[in-house]
Amino acid sequence: MSALTRFLGDSPLRVLIKLLIVSFIVGFIMNVFNWSPLDVYYSLRDTVLGIWNMGFDALGRLGGYILLGAFIVVPGFIILRLLSFRR
């Protein structure tokens, strides 16, 4: 078994035929929906940017929740520690 065959996972001719068949099917589906490769690229880019922006927005909200909780939890913790320190 040659290194190329091991890399491709099958003989080069069979891989070429499989790629041609899959390319035809994908091209046909893209034509039916009137999509172009740039449409796919821009959609993926917009999706990644949307997730990126939502992620940082979620981190900002998470920080706000932590601060809100800390206003109650930290003084309560200090009071409990002071009360248990007296024992």
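This text goes with the structure placed above it.
Bear in mind the structure is a predicted one, so any value in this text is a computation, not a measurement. (Residues numbered from 1 in each chain as written. Predicted model: local features only at pLDDT ≥ 70, side-chain atom pairs only at ≥ 80, totals over all residues. Heavy atoms only, no water.)

All told, the structure shown has 3 salt bridges when counted by the stated rule. Taking the shortest distance from any N to any O, the salt bridge between Arg14 and Asp10 comes out at 3.2 Å. On the accessibility criterion, Asp10 (18% relative accessible area) is buried. The partner of Arg45 in a salt bridge is Asp46, and the shortest N-O contact between them spans 3.4 Å. Shared partners join several salt bridges into a network, and the residues in it are Asp10, Arg14 and Lys18. (Salt bridge = Lys/Arg side-chain N within 4 Å of Asp/Glu carboxyl O. Buried < 20%, exposed > 50% of the residue type's maximum accessible area, 1.4 Å probe, protein only.)

It is worth spelling out helix H2 (residues 12–32) at this point. Along its 21 residues, H2 runs 30 Å from first to last C-alpha, staying within 8% of the 30 Å computed at 1.5 Å per residue. Remark: Asn34 follows H2 within two positions and exhibits a positive phi of approximately 60°. (Helix = DSSP H or I, 4+ residues; strand = E, 2+ residues; numbered from the N terminus. Expected span 1.5 Å × (residues − 1).)

Here we take up unusual backbone geometry. Of note, Asn34 is a non-glycine position whose phi angle comes to about 60°, a positive value. Within the fold, Asn34 resides in the loop between H2 and helix H3 (37–85). Among the residues examined, Asn34 registers a relative accessible area of 65% and is labelled exposed.

Overall, the coordinates contain 3 aromatic pairs when judged by the stated rule. Arranged with centres 6.5 Å apart and planes meeting at 25°, the rings of Phe24 and Phe28 form a pair that is stacked. Placement of the pair is Phe24 and Phe28 together in helix H2, with a separation of 4 residues, close to one helical turn. Here the two residues Phe24 and Phe28 agree in accessibility, since each one is exposed. (Phe/Tyr/Trp six-rings, centres within 6.5 Å; stacked < 30°, edge-to-face > 60°.)

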